[in-house]
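Coordinates in review
The primary structure of each chain is shown beneath.
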Amino acid sequence: MSKEVHSVSEEGYSTENTIRDFETTVDATGEAAPDTLEALLAAYASCYVPALRVGAEQRQAGDLGRIEIDSTGELNDDDKLASVHFDIKVAGDIGDKGDAIVERAHELCKVGDAVKAELVAEVDIEGDAF
């Protein structure tokens, strides 16, 4: 199985992305749309939500109800992502199971797994293509 996204940039730093029947825009400058790192943080948090829910079920913490995640990405001197912090609030009573839920969510989150250092895109490039 694979996932596919078609991305087009006519000029400048904004890119239109088609994901199945959905379209989204990412603008590296952050002027016309979320920038690339904001889009990554949103994807990471969006992936972490179901990981938290499954983690809570698997660690017998019950239904978490409403989940809110404030994501912060600290940048290094090159404006690249140096660290990510999630400030998470849930409606459900997790008692003393918070650490176990988070540990399991880290194991389950596919975006968290994808941002590992050894995952680098393999690239083929073709000139005069249009």
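1. Details of the packing of helix α1 (residues 36-58) against helix α2 (residues 98-108)
Packed helices, taken two at a time, are described by their axes: the angle between them and the distance between them. The geometry of α1 relative to α2 is characterised by a closest axis approach of 8 Å and an angle of 130 degrees between their N-to-C directions. Classed by the angle they form, the pair α1 and α2 counts as oblique. α1 and α2 meet at a crossing whose hand is right-handed. Within the contact between the two elements, α1 uses Y48, A51, L52, V54, G55, A56 and Q58 and α2 uses I101, V102, R104, A105, H106 and L108. Residues that form the contact of α1 with α2 fall into these classes: nine nonpolar, three polar and one charged.

2. Brief notes about the sheet that holds strand β3 (residues 22-27)
Taken together, three strands build an open sheet; the order of strands is β1-β2-β3 and the sheet is antiparallel. At either end of the open sheet lies a strand with only one pairing partner, and these are β1 (6-8) and β3. Strand after strand, the sheet turns through a mean of 25 degrees between neighbouring axes, direction not considered. By the bridge criterion, six bridges tie strand β2 (residues 14-19) to β3 in an arrangement that is antiparallel. Within β3, the residue paired with T15 across the bridge is V26.

3. A look at α2
Taken together, the buried positions of α2 are occupied by G98, I101, R104 and A105. Taken end-on, α2 shows its buried residues confined to a sector of 135 degrees, consistent with a single buried face. When the buried face of α2 is taken as reference, the exposed residues oriented beyond 90 degrees from it are D99, E103 and H106. On its buried face, α2 sits against α1.

4. Focus: the pattern of salt bridges
Scanning all chains against the criterion turns up four salt bridges. Between E68 and R66 there is a salt bridge; the shortest N-O distance is 2.7 Å. Looking at E68, the relative accessible area reads 37%, which means it is partly exposed. A salt bridge links E107 to R104; the nearest nitrogen and oxygen atoms lie 2.8 Å apart. With a gap of three residues between them, E107 and R104 both fall in helix α2, about one helical turn apart.

The rules behind each value
- Residues numbered from 1 in each chain as written.
- Predicted model: local features only at pLDDT ≥ 70, side-chain atom pairs only at ≥ 80, totals over all residues.
- Heavy atoms only, no water.
- Axes fitted to C-alpha atoms, helices over the stretch in contact; angles between N-to-C directions.
- Helix = DSSP H or I, 4+ residues; strand = E, 2+ residues; numbered from the N terminus.
- Parallel < 35°, antiparallel > 145°, perpendicular 65-115°, else oblique.
- Left-handed = near helix turned anticlockwise from the far one by under 90°.
- Contact = heavy atoms within 4.5 Å.
- Nonpolar A, V, L, I, M, F, W, Y, C, P; charged D, E, K, R; others polar.
- Pairing = 2+ DSSP bridges.
- Buried < 20%, exposed > 50% of the residue type's maximum accessible area, 1.4 Å probe, protein only.
- Arc of directions from axis to C-beta.
- Salt bridge = Lys/Arg side-chain N within 4 Å of Asp/Glu carboxyl O.

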